[in-house]
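Geometric and topological summary
The primary structure of each chain is shown beneath.
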Amino acid sequence: MNIRTVVLGLFVSVALLGVHPASFSQTPTGKTLPAISKTTPTPSATTTQTPASSSDLTVTASPKAPQPVNDDDINRFTNTIVLIKDFYVQPIGDKTLLNDAIRGMVSGLDPHSEYLDGDAYNTLLMTTSGEFGGVGIEVTPEFGILKIVSPMDDTPAAKAGIKPGDYIVAIDGKLVSEMSMQDAVDKMRGKQGSQVILTVLRKGEKKPLVFKLNREIIKIASVKSKMLDGSFAYIRLTQFQDPTAKLMRDAILNLKNQNQGQLKGIILDLRNNPGGLLESAVQVVDSFLDVKKLNNKYNDVIVYTEGRLPEAQYRAKATGSDLLNGAPIVVLINGGSASASEIVAGALQDYRRALIVGTASFGKGSVQTVIPLDKTHALKLTTALYHTPSGKVIQNIGIIPDVQIEDLKVIKSKTDEDVAMIEPIKEYQLKNHLAGTAAATSSTTDTKALENNDLGLAQADFQLFEALKILRTMYSLNHQGAKS
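Residues numbered from 1 in each chain as written. Predicted model: local features only at pLDDT ≥ 70, side-chain atom pairs only at ≥ 80, totals over all residues. Heavy atoms only, no water.

**Brief notes about the sheet that holds strand 13 (residues 265-269)**
Strand order across the open sheet formed by six strands is 11-12-13-17-18-21, with mixed pairing between neighbours. Lying at the two open borders of the sheet, with one neighbouring strand each, are strand 11 (223-228) and strand 21 (403-404). Relative to strand 12 (residues 232-237), strand 11 is paired through six bridges, and the arrangement is antiparallel. Paired with Leu228 across the two strands is Phe232, which belongs to strand 12. (Pairing = 2+ DSSP bridges. Helix = DSSP H or I, 4+ residues; strand = E, 2+ residues; numbered from the N terminus.)

Printed below as a string of structure tokens:
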């Protein structure tokens, strides 16, 4: 078949796709048809996924009308392909040129849209199911290089000390600026146990940092949990995958059972959570809202989207009851919290169900819909923008915390200066203080143990330490209010 005929056929197919996109349907609970997966994969491009994210998409009130294509445009397109075939230094096959043409069209739209070939399509499916290969980082293209959105917990990247906001400038000694985003991601993939060397620029560091990472099969535990201070629960969500909401609910119920069926409150840690599946984020929010007590505020909406076509209009509503029965919630976020994480934080903030603490989130509020082209290829296209229940736009803005807490470091020392930084000096800490009664002495011992635990937590994770202090205060205020 003549290359011009093939290209013209491709052009017509793409044009039709633009006018009549693959139909998909949503229900208020966020379910989609099996053929199409609506995701919030962040600022994504893991080391096993084509890079596709950034927060550069701008929102305009009146988008430019599409310009019609004339014969000159089509001739220029087809002539370019013919000239490449005739004059390029190496022979290039028609299939390669057609794939590159599609990839170029999609990559020019926005940082999150991408053409998924067989490998990238399979990787997307593996990532959302919770297991894939690589070094465990979420990246986004910026300034012609790769910006790290977040390292995933318990992966080679996280263990090596790679941080959100770092920039990858070279992979195995080759400059990222001289690669396509696909090539850069492919170079970070590889056989389990093999090594990849990342050269990284970090704010505040005068010289580039070099990380030698051994690739692993990445198994993401999307939910982690533990008790803090004996009465308050800590729930960490690392990604939003298919089973995340159920795993979270199971973890909370398990902690409640360990604590005589009662929790005074929880800290929901979404720091460095790059997102994932929309349905999972909706289910997480729904676990903490009692639809009977919302009084139809914001029409019980958890999140909604707005796009050009009716199919892009989507609303997810609260339908359940509060798993915590009103116990206070503190949500921790930072610059690595993106997409689905921002949906959860924004909804809980709008309904005043949780206090959001930490630093401003990433600001990725666009919707990507995966539309299969055939059995092994698909398009991931940005089709809409997310809004919180109150109508706030997430894109390019992010979620602003109710309480700003920077990620500070408490330095261990042999003096009591670090203790004074955590809590004011108490009577029993003064030299030659008078002893109290036996009951008071027992209480003092308990207080000392609590302060020692707090000091250790402050040294290990200052933001979590501050979040726990806030949660204790919220519980005390709620408890006093209930008594009165």
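**Regarding the packing of aromatic side chains**
In this structure the tally under the stated criterion is four aromatic pairs. Measuring from ring centre to ring centre gives 6.0 Å for Phe232 and Tyr475, while their planes differ by 85°; the resulting arrangement is edge-to-face. Of this pair, Phe232 sits in strand 12 while Tyr475 is found in helix 12 (residues 462-483), placing the two residues 243 residues apart along the sequence. For Phe232, a relative accessible area of 4% translates into the label buried. Lying over the aromatic face of Tyr304, Arg315 brings its terminal NZ or CZ to 4.6 Å of the ring centre. (Phe/Tyr/Trp six-rings, centres within 6.5 Å; stacked < 30°, edge-to-face > 60°. Buried < 20%, exposed > 50% of the residue type's maximum accessible area, 1.4 Å probe, protein only. Lys NZ or Arg CZ within 6 Å of the ring centre and 35° of its normal.)

**Notes on the side chain of Thr238**
Note that Thr238 resides in the loop between strand 12 and helix 7 (244-258). Excluding residues that lie within four positions of it along the chain, Thr238 makes contacts with Asp153, Ile220, Ala221, Ser222, Lys224, Asn272, Asn273 and Pro274. (Contact = heavy atoms within 4.5 Å.)

**Considering the packing of helix 8 (residues 278-286) against helix 9 (residues 340-350)**
As a packed pair, helix 8 and helix 9 sit with axes 9 Å apart at the nearest point and diverge in direction by 25°. With respect to each other, helix 8 and helix 9 are oriented roughly parallel. With respect to the hand of their crossing, helix 8 and helix 9 are arranged in right-handed fashion. Packed against helix 8, whose contacting residues are Leu278, Ala281, Val284 and Val285, the element helix 9 presents Ala340, Ile343, Val344, Ala347 and Leu348 at the interface. Classifying every residue of the contact of helix 8 with helix 9 gives nine nonpolar, no polar and no charged. (Axes fitted to C-alpha atoms, helices over the stretch in contact; angles between N-to-C directions. Parallel < 35°, antiparallel > 145°, perpendicular 65-115°, else oblique. Left-handed = near helix turned anticlockwise from the far one by under 90°. Nonpolar A, V, L, I, M, F, W, Y, C, P; charged D, E, K, R; others polar.)

**Concerning unusual backbone geometry**
Not every positive phi belongs to a glycine, and Asp300 is a case in point at roughly 65°. Secondary-structure assignment places Asp300 in the loop between helix 8 and strand 15 (301-306). Classification of Asp300 as buried rests on a relative accessible area of 13%. Backbone geometry places Arg352, a non-glycine residue, at a positive phi of 55°. Tracing the chain through its elements places Arg352 in the loop between helix 9 and strand 18 (355-358).

**Side note on the pattern of salt bridges**
On inspection of all chains with the given rule, the structure shows 15 salt bridges. Ionic pairing is found between Asp269 and Arg271, a salt bridge with its closest N-O pair at 2.8 Å. The pair formed by Asp269 and Arg271 is uniform in burial state, with each residue classed as buried. A single salt-bridge network, built from bridges that share partners, covers Arg236, Asp269, Arg271 and Asp461. (Salt bridge = Lys/Arg side-chain N within 4 Å of Asp/Glu carboxyl O.)

**Remarks on the pairing of strand 4 (residues 137-142)**
Among the six residues in strand 4, six count as buried, and that is most of the element. Here strand 4 shows a buried face lined by Ile137, Val139 and Pro141 and a second buried face lined by Glu138, Thr140 and Glu142. As paired strands, strand 4 and strand 5 (residues 145-151) are joined by six bridges and run antiparallel to one another. Within the sheet, the bridge partner assigned to Glu138 lies in strand 5 and is Ser150. Following strand 4, the chain reverses through two residues before pairing antiparallel with strand 5; Phe143 in that reversal takes a positive phi of roughly 55°.

**What to know about the nonpolar core**
By size, the foremost hydrophobic cluster in this structure holds 48 residues, and its most contacted members are Ile235, Leu268, Phe288 and Val331. Dropping the residues within four chain positions of it, Phe288 is found in contact with Met248, Ile252, Ile266, Leu268, Asp322, Leu324, Ile329, Leu348 and Arg353. (Core = buried A, V, L, I, M, F, W, Y, C linked by side-chain atoms within 4.5 Å.)

**Examining the pairing of strand 17 (residues 329-333)**
Of all five residues in strand 17, five are buried; the element is thus mostly enclosed. Covered by surrounding structure in strand 17 are Ile329, Val331 and Ile333 together with Val330 and Leu332, the residues of both alternating faces. Strand direction decides the pairing type here: strand 17 and strand 18, joined by four bridges, are parallel. Bridging from a neighbouring strand, Leu332 pairs with Val357 of strand 18. On the question of chirality, the crossover connecting strand 17 to the parallel strand 18 by way of helix 9 is right-handed. (Right-handed = clockwise from strand over helix to strand, strands pointing away.)

**Concerning helix 3 (residues 94-107)**
Between its first and last C-alpha atoms helix 3 spans 20 Å; for 14 residues at 1.5 Å apiece the expected length is 20 Å, and the two agree. Listed as buried for helix 3 are Leu97, Leu98, Ala101, Ile102 and Val106. Angularly, the buried residues of helix 3 cover 165° about the axis, an arc narrow enough to put them on a single face. (Expected span 1.5 Å × (residues − 1). Arc of directions from axis to C-beta.)

**Description of the environment of Leu97**
On the secondary structure map, Leu97 appears in helix 3. In this structure the C-alpha to C-alpha distance between Leu97 and Ile84, which are 13 residues apart in sequence, comes to 8.8 Å. The residues contacting Leu97, other than those within four sequence positions of it, are Ile81, Ile84, Lys85 and Ile92.

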